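Below, each chain spelled out in residue letters.
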Amino acid sequence: MEEVVLFLRLLLALLFFSTAWSKLKKMGEHIGIVKDYQILPDRLAAPFAKGEVCVELALSVLLVTGLFQRAGALAGAGLLLLYTIAIVINLARGRTEISCGCGGAAGNHQLSKLLVLRNACLIAMAAAVYAVNPALGSADAWLEGGGIAMMLNLKALFILAGSVMAIFLWIGWMETQEIGKEIHTFWKRG
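Residues numbered from 1 in each chain as written. Predicted model: local features only at pLDDT ≥ 70, side-chain atom pairs only at ≥ 80, totals over all residues. Heavy atoms only, no water.

Examining the overall build of the protein
Point 1. What the protein contains, in helices and strands, is eight helices and zero strands.
Point 2. Ordered by position in the sequence, the α and β elements of the protein form the string α-α-α-α-α-α-α-α.
Point 3. Taking the principal axes of the C-alpha coordinates as reference, the protein spans close to 60 × 40 × 25 Å.
Point 4. Split by element, the accessible area of the protein, about 10700 Å² in all, is 71% carbon and sulfur. (Helix = DSSP H or I, 4+ residues; strand = E, 2+ residues; numbered from the N terminus. Areas by Shrake-Rupley, 256 points an atom, 1.4 Å probe, with all protein chains shown as cover.)

Okay, here's the thing in structure tokens:
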């Protein structure tokens, strides 16, 4: 069970890092997306967007190292819940034409019930990390006297490699879907 939850923790870490990096590279666009949600006053969109990226980067570090992993998992679930509430509010308003603003491995999609379901799955992953609190691959376990072998052993490194591979496969699949849509649009035009 610890191995599975470590895999989930690392997937979340990589997801938060990739989304933060994507938003950081296109901060102006991301601020525009935050404004599009029409939840915050426009003057708070930029500070929120910048703070959000900082939180996502911090979460990725906490989750990849397993340092304060329960707090990281709880904060990650809270952030994902906040995103989900913003999506649900806009879906209730009938606003499906705006981008989710996720970026990175999560991709950018128009708002939909499927995004709510995806976020519920991610929240469940964070809840599993919180509940199980695996010692394997965890700086917390090492700091509590578990030894460096508990944090950096072959099993933990193998699971990290699997997590990275899973994220790359996911990104590749999403890119393939986008290329397919572009080809379809191209052929439809004539």
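A few points about the packing of aromatic side chains
Point 1. Tallied over the full model, the rule gives one aromatic pair.
Point 2. Where Phe17 meets Trp21, the ring centres are 6.2 Å apart and the plane angle is 15°; that geometry is what we call stacked. Linking Phe17 with Trp21, this pair stays in helix H1 (residues 2–25), spanning four residues, or about one helical turn.
Point 3. Here Trp21 falls in the partly exposed class, since its relative accessible area comes to 45%.
Point 4. Over the aromatic face of Tyr130 sits the side chain of Arg70, whose NZ or CZ is 4.0 Å from the ring centroid. (Phe/Tyr/Trp six-rings, centres within 6.5 Å; stacked < 30°, edge-to-face > 60°. Buried < 20%, exposed > 50% of the residue type's maximum accessible area, 1.4 Å probe, protein only. Lys NZ or Arg CZ within 6 Å of the ring centre and 35° of its normal.)

Examining the nonpolar core
Point 1. The biggest cluster of nonpolar side chains holds 30 residues, and the ones touching the most others in it are Leu12, Phe16, Tyr37, Cys100, Leu111, Leu122 and Met125.
Point 2. For this core, the secondary-structure elements that each account for two or more residues are H1, helix H3 (42–65), helix H4 (69–92) and helix H5 (113–132).
Point 3. Those residues in contact with Leu111 that sit more than four places away from it in its chain are Tyr37, Ile87, Asn90, Leu91, Arg95, Thr96, Ile98, Ser99 and Cys100.
Point 4. Among the nonpolar cores identified, the runner-up in size contains seven residues, and Ala20, Ile31, Val34 and Val53 belong to it. (Core = buried A, V, L, I, M, F, W, Y, C linked by side-chain atoms within 4.5 Å. Contact = heavy atoms within 4.5 Å.)

Quick look at the confidence of the model for the protein
Point 1. Averaged over all residues, the pLDDT of the protein is 87; the fraction at 70 or higher stands at 91%.
Point 2. Model confidence for the protein, summarised as mean pLDDT per element, is weakest for helix H7 (residues 148–151) at 61 and strongest for H4 at 97. (pLDDT = per-residue confidence, 0-100.)

Some words on the environment of Ile87
Point 1. Looking at where Ile87 falls in the secondary structure, it is placed in helix H4.
Point 2. Distance from Ile87 to Gly32, taken between C-alpha atoms, is 15 Å for residues 55 residues apart in sequence.
Point 3. Look past the residues within four positions of Ile87 in its chain and what remains in contact with it is Tyr37, Leu111, Ser112, Leu115, Val116 and Asn119.

As for the layout of surface pockets
Point 1. What the second largest pocket holds in volume is close to 390 Å³.
Point 2. Around the second largest pocket, the lining comprises 25 residues; the ones closest to its centre are Tyr37, Phe48, Glu52, Tyr83 and Ala86.
Point 3. Within the residue set of the lining of the second largest pocket, elements represented by two or more residues are H1, helix H2 (27–36), H3, H4 and H5.
Point 4. Ranked by residue count, the leading element in the lining of the second largest pocket is H4, at five residues.
Point 5. Grouping the constituent residues of the lining of the second largest pocket by class yields 17 nonpolar, four polar and four charged. (1 Å grid on protein atoms, 1.4 Å probe; cavity = no way out; pocket = protein on both sides within 12 Å on 5 of 7 lines; lining within 4 Å. Points joined across faces, edges and corners; volume = space filled by probe spheres on them. Nonpolar A, V, L, I, M, F, W, Y, C, P; charged D, E, K, R; others polar.)

Quick notes on the side chain of Glu52
Point 1. Summarising the element assignment, Glu52 is placed in helix H3.
Point 2. A polar side-chain atom of Glu52 sits 2.7 Å from a polar atom in the side chain of His30.
Point 3. In this structure Glu52 touches Lys23, His30, Val34 and Tyr83, once residues within four positions along its chain are discounted. (Polar contact = N/O pair within 3.5 Å; in protein donor to acceptor, adjacent residues only side chain to side chain.)

Describing unusual backbone geometry
Point 1. In this model, Gln38 sits at a positive phi of 55°, which is unusual for a non-glycine residue.
Point 2. Judged by relative accessible area, which is 49%, Gln38 ranks as partly exposed.
Point 3. In the Ramachandran plot, Phe68 falls in the positive-phi region, its phi being about 50° despite a non-glycine side chain.
Point 4. Assignment of secondary structure puts Phe68 in the loop between H3 and H4.

Quick notes on the state of the cysteines
Point 1. All chains considered together, the criterion is met by zero disulfides.
Point 2. Left unpaired, Cys121 is separated from the closest cysteine sulfur, that of Cys102, by 14 Å. (Disulfide = S-S within 2.5 Å.)

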